[in-house]
Amino acid sequence: MVRSAADMTDVEARSLGHVLRDRLAGLNAVQAARCLVAVGALLLVLVTLDPFPDLRNPDVTTIVGGRMALTYISWGLLAAVAVLCVAASDAPALKSLLTPLHLCLLGWLVINIVFSESRGVSIQRFVLAASVTSLAVVLPLLPPTQRSFNLCLGAAALVLLALCYLGVFLAPQYSIHTAIDVTEPHLAGDWRGSFGHKNIASAVMTILVYVGIYLSAVGSFVMGPAIAVLAGTFLIFTGGKTSSVLCLAIYALASLVYVTPGLWLKRIICFVPLVAMNLLTVGSVLSPALGAMTRLLPLDPTFTGRSAIWEFALAAVAEKPIIGHGYAAFWDDVSARQTTQGAEWATSAAHSHNSYLDLAVTIGLPGLMLVILVFVLAPLANFQTAQAHSRSGALAKLFLTVWLFGLYYGATETFLLERQNPIWFMFALAVAGLHFLARFQCVEQIE
């Protein structure tokens, strides 16, 4: 799809089935298969192989070996198929990914895994992360046109939304948090849909709101508004405060960036609030002055006492600031660590509730800096280039908005480089999309 610039211009007054049939009729077998792989990838990450987990079951926190094996096999095979699908037709796009910066990040991750505290765990989880990330990166290349990309995105979104709403109305015990959940019973009443937690559901619904707005902007006057309204309504009922606040705020920020001409002005608009947000959260436990400032605010920037977790994570960074504790190998068993003294809540935490801090803990400060260069700074420069060449403006804005949401969501939750996390998948997809749009023109139609 890297060469596609056509938008959905027809009014979709028919059923999704008729639209799919008519759109796929113009594609040959290979092109149709690539669209199916794209939809399959989106459904695999959004719906997962284990939807609607029963949080009332004490075994819900137990990792089942056979189920994880199926996850690894599914992601690995689908990623391999996707890469093979685009290897011949989009070789220049794939080669463009082999930049010195990308190779440095990959090399550092390998070094980090070699010196990991739990090398076997890091290797195993990195294999899954590599499969998921590879699939996210090549997904924009799979559909042969932007029109087919739009259709794949919209179809996957509608399937997910249908499942989530059916779950809420037909099986609420599996799709709404209850007071008898094994963990976090205080979330009772919050919608989670097919996901295991309302925070993931709320973040995904926010991204689907952006997808719906994008499809509406390119002429999908039925599918687009339907996705935006359904996702927005579900977002409200999840009770996800962070995502709810960020949803419209990030879209407004992206719109401001979109109309701002210079790259440096864009950087100021994007990054100054992000730095301030991290200073008011994690920074408040580092500096007494910042801590005093946050206590004067009308809201709690520590999000109900996460400062204990941040203090614990910062102590872990101080232990191994360069090499880190190992990719995805720190939070499995933190109760025995010396740094947990006096931090009872931190001993039960699954992550640091800050993506940037979490990366400093696991892959060290050099790894964090490389991630910032690749996933924070480079995408905005790519957007500027794509915009300067007038390449698929609406699509570039969608990628920009999803990317911006991920940056700010990462200040309160952990998702960067996190295996099959749907937020990481969509974020990586957006970053890759901006990379390709900065270097290639999209195909308007099948020749």
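Residues numbered from 1 in each chain as written. Predicted model: local features only at pLDDT ≥ 70, side-chain atom pairs only at ≥ 80, totals over all residues. Heavy atoms only, no water.

Enquirer: Teacher, can you tell me more about the packing of aromatic side chains here?
Expert: Any aromatic ring pair is given by two values, namely how distant the centres are and how the planes are angled relative to each other. Taken as a whole, this structure holds 22 aromatic pairs when the rule is applied. For the ring pair Y165 and W191, a centre distance of 6.2 Å and an interplane angle of 85° mean the geometry is edge-to-face. Of this pair, Y165 sits in helix α7 (residues 146-170) while W191 sits in the loop between α8 (172-175) and α9 (198-217); the two residues are 26 residues apart in sequence, bridging distant segments of the chain. Seen from the ring of Y174, R56 lies directly overhead, with NZ or CZ sitting 5.4 Å from the centre. Positioned over the ring face of W264 is R267, at 4.7 Å from the centre of the ring. (Phe/Tyr/Trp six-rings, centres within 6.5 Å; stacked < 30°, edge-to-face > 60°. Helix = DSSP H or I, 4+ residues; strand = E, 2+ residues; numbered from the N terminus. Lys NZ or Arg CZ within 6 Å of the ring centre and 35° of its normal.)

Enquirer: What is the right way to look at the packing of α9 against helix α10 (residues 223-238) in this model?
Expert: For any two helices packed against each other, the geometry comes down to the angle between their axes and how far apart the axes lie. At their nearest, the axes of α9 and α10 sit 7 Å apart, and the two run at 155° to each other. If you check the angle between α9 and α10, you find them roughly antiparallel. At the point where α9 passes α10, the crossing takes the left-handed sense. Contact residues: α9 offers K198, A201, S202, M205, T206, L208, V209, G212, I213, L215 and S216, while α10 offers M223, G224, P225, I227, A228, A231, G232, F234, L235 and T238. Along the lines of polarity and charge, the residues of the contact of α9 with α10 split into 13 nonpolar, seven polar and one charged. (Axes fitted to C-alpha atoms, helices over the stretch in contact; angles between N-to-C directions. Parallel < 35°, antiparallel > 145°, perpendicular 65-115°, else oblique. Left-handed = near helix turned anticlockwise from the far one by under 90°. Contact = heavy atoms within 4.5 Å. Nonpolar A, V, L, I, M, F, W, Y, C, P; charged D, E, K, R; others polar.)

Enquirer: Even after reading the chapter, I still don't get the pattern of salt bridges, so can you show me in this structure?
Expert: Opposite charge on two side chains makes pairing possible when the charged atoms of those side chains draw close. Across all of its chains, the model carries three salt bridges by this definition. Across the salt bridge formed by D54 and R56, the nearest N and O atoms sit 2.9 Å from each other. (Salt bridge = Lys/Arg side-chain N within 4 Å of Asp/Glu carboxyl O.)

Enquirer: Sorry if this is basic, but what is going on with helix α15 (residues 355-388) here?
Expert: Since the α-helix packs 3.6 residues into each turn, any two residues three or four apart lie on the same face. When the terminal C-alpha atoms of α15 are compared, their 31 Å separation across 34 residues is substantially less than the 50 Å that a helix rising 1.5 Å per residue should span. Along α15, the sharpest change in direction is near 125° and occurs at I363; proline P366 comes one to four residues later. Directly after α15, the chain includes S390, whose backbone phi takes a positive value near 55°. (Expected span 1.5 Å × (residues − 1). Bend = angle between axes of the 7 residues up to and from the residue.)

Enquirer: Which parts of the structure should I look at to understand the environment of W264?
Expert: With respect to the helices and strands, W264 occurs in helix α12 (residues 263-281). Under the relative-accessibility criterion, W264 is labelled exposed at 63%. For the pair W264 and L380, spaced 116 residues apart in sequence, the C-alpha to C-alpha distance is 10.0 Å. (Buried < 20%, exposed > 50% of the residue type's maximum accessible area, 1.4 Å probe, protein only.)

Enquirer: Looking at this model, I keep getting lost on a nonpolar patch on the surface. Mind explaining?
Expert: Together, L98, L103, L106, V110, I111, V114 and F115 line one region of the surface with nonpolar side chains, adding up to about 650 Å² of accessible area. Note that L103 resides in helix α5 (residues 100-114). Relative accessible area serves as the criterion here: at 47%, L103 is assigned to the partly exposed category. (Patch = residues over 30% accessible without salt bridge, like charges linked within 9 Å, V, L, I, M, F, W, Y side chains within 5 Å. Areas by Shrake-Rupley, 256 points an atom, 1.4 Å probe, with all protein chains shown as cover.)

Enquirer: Any chance you could explain α5 here in plain terms?
Expert: With 15 residues, α5 extends 21 Å from end C-alpha to end C-alpha; this agrees with the ideal 21 Å at 1.5 Å per step. Those residues of α5 lying buried are L105, W108, L109, N112 and I113. Mapping the buried residues of α5 onto a view down its axis gives an arc of 135°, with all of them on the same face. Tucked inside the fold, the buried residues of α5 contact α6 (119-138) and α15. (Arc of directions from axis to C-beta.)

Enquirer: Looking at this structure, how should I read the confidence of the model for the chain?
Expert: Predicted coordinates in regions of low pLDDT should not be interpreted in detail. When pLDDT is averaged along the chain, the result is 87; 83% of the residues meet or exceed 70. Across residues 4-14, where pLDDT falls below 50, the model places 45 contacts with residues more than four positions away in sequence or in other chains. (pLDDT = per-residue confidence, 0-100.)

Enquirer: Please clarify how the nonpolar core should be interpreted in this entry.
Expert: The tendency in soluble globular proteins is for nonpolar side chains to be buried side by side. With 132 residues, the main nonpolar core has W403, L404, L407 and F425 as its most contacted residues. The element best represented in this core is α15, accounting for 15 residues. If we ignore the near neighbours within four places in the chain, the residues touching L407 are F271, L274, Y356, F375, V376 and F427. (Core = buried A, V, L, I, M, F, W, Y, C linked by side-chain atoms within 4.5 Å.)

Enquirer: Looking at this structure, how should I read the environment of V121?
Expert: Of note, V121 is situated in helix α6. A residue is classified by how much of its surface remains accessible, and V121, at 25% relative accessible area, is partly exposed. Here the alpha-carbon distance between V121 and Y327, two residues 206 residues apart in the chain, equals 8.4 Å. Leave out the neighbours within four places in its chain, and V121 touches A328 and D332.

Enquirer: For this particular structure, what's the right way to read the packing of α9 against helix α17 (residues 422-437)?
Expert: α17 packs onto α9 with a crossing angle of 25° between their chain directions and a minimal axis gap of 9 Å. For the element pair α9 / α17, the angle class is roughly parallel. The interaxial crossing formed by α9 with α17 has left-handed handedness. In this structure, α9 uses I200, A203, V204 and I207 to contact α17, whose residues at the interface are P422, I423 and M426. The class makeup of the residues in the contact of α9 with α17 is seven nonpolar, no polar and no charged.

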